[in-house]
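# Summary of the model geometry
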Amino acid sequence: MLKLMYITDNPDIAVIAQNAGVDRIFVDMEYIGKSERQRMMDTVQNHHTVEDIMNIRNVIDKSELIVRVNPIHDGSEKEINAVVDAGADIIMLPMWHNAEQAQEFIKLVGGRAKTMLLLENLDAVNDLDRVLRLDGIDEIHIGLNDLHISVGCTFLFQLLADSIVKNITEKIKKSGITYGFGGFGRIGEGILPADYIVSEHYRLGSSIAILSRSFCDLRKYSDLDEIKELFDSGLARLREYEHFLENCDSDYFEQVHLKLCDCVDKIVEEMKNV
């Protein structure tokens, strides 16, 4: 089963997500450079705080707590120390470009939490061989939003259709490091159906994924009972689909991949004509 992450700084939502079966509650402190990179995109841009980490830490007892810090900068040591002290189980480094930055991150964490590298630019892809030789990397997640900008794609899931993610995951798999990519919404929904994306995780040997904003869009819902129902029903349907995928063969995954490619092509054409 995929390890699922959900981004929130709301303790009530964190408890609901945990109890529904979300494996990791995700606090997002990254803000440096993000608005400039994603200024033309309808993405979630959080600016969570150390206080948010502590508030979430106080209410979850089954899910892991993952925190995305800022890219390596002058204040990284202070920031990472504060995140460790606040109780993070996993620390994610975004927007690194080379093995030297990855090594600095590993050094700053110092074994006090698990380390996750968020691979999301072409420089990182090009230096991946050196990065994979480093000691101290627990996981790598491929961030499709920024990576598709860096590569020059029109639509983030072109990275799946064009085999870019496949080539990256094949390298990571050989290293023995756990990996994942991107996110998805509710099974049966989305302009690119979440079913296709989940199938890609299984086809490529991924272990980690983010539940996207569309899985439970808190801009549309505020009643906690309604939110709980959305999480419970959404997770139940997802896990049921995963149980089905566990018994599928490679031919099935290739068939779904072709459907994904066809759907991506249509979406890209529509985007170009807007």
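Everything quoted here is computed from the prediction, not taken from an experiment. (Residues numbered from 1 in each chain as written. Predicted model: local features only at pLDDT ≥ 70, side-chain atom pairs only at ≥ 80, totals over all residues. Heavy atoms only, no water.)

## Brief notes about the packing of helix α1 (residues 11-20) against helix α12 (residues 224-245)
Any two packed helices are characterised by the angle at which their axes cross and by the distance between the axes. The criterion, for reference: Under this scheme, a helix contributes an axis fitted over its contacting stretch, all axes are lines through C-alpha atoms, and angles between N-to-C directions fall in the 0 to 180 degree range. Helix numbering and strand numbering both begin at the N terminus, where a helix is a DSSP run of H or I of at least 4 residues and a strand a DSSP run of E of at least 2. Any angle between 65 and 115 degrees counts as roughly perpendicular, while under 35 counts as roughly parallel, over 145 as roughly antiparallel, and the rest as oblique. Handedness of a crossing is defined here by the sense of rotation of the near helix relative to the far one, left-handed for an anticlockwise turn of less than a right angle and right-handed for a clockwise turn. Contacts between residues were defined by any pair of non-hydrogen atoms, one from each residue, lying within 4.5 Å. Three classes are used, and their members are as follows: Ala, Val, Leu, Ile, Met, Phe, Trp, Tyr, Cys and Pro are nonpolar, Asp, Glu, Lys and Arg are charged, and the others, Gly among them, are polar.
Two numbers describe how α1 lies on α12: the axes approach to 9 Å, and their chain directions differ by 30°. One way to sum up the angle between α1 and α12 is to call them roughly parallel. For the crossing formed where α1 meets α12, the hand is right-handed. Counted together, D12, I13, I16, A17 and A20 of α1 and L224, I227, K228, F231, D232 and L235 of α12 form the full contact between these two elements. In terms of residue class, the contact of α1 with α12 is built from eight nonpolar, no polar and three charged.

## Things to note about the pattern of salt bridges
Our working rule: Salt bridge, as applied in this entry: a Lys or Arg side-chain nitrogen positioned within 4 Å of an Asp or Glu carboxyl oxygen. A 1.4 Å probe rolled over the protein chains alone gives each residue an accessible area, and that area as a share of the maximum for its type sets the label: buried under 20%, exposed over 50%, partly exposed in between.
Within the structure shown, the criterion is met by 18 salt bridges. The salt bridge partner of R68 is D28, with a shortest N-O separation of 2.8 Å. On the criterion of sequence distance, the pair formed by R68 in strand β3 (residues 64-68) and D28 in strand β2 (residues 24-28) is long-range, its members being 40 residues apart. In this pair, the class of R68 matches that of D28, namely buried. With its nearest N and O atoms 3.4 Å apart, the salt bridge here joins E30 to R68. Of this pair, E30 sits in the loop between β2 and α2 (34-37) while R68 sits in strand β3, and the two are 38 residues apart along the sequence. Across the pair, R68 and E30 agree in class, each one buried. Counted as one network, the salt bridges with shared partners bring together R24, E64, K114 and E139.

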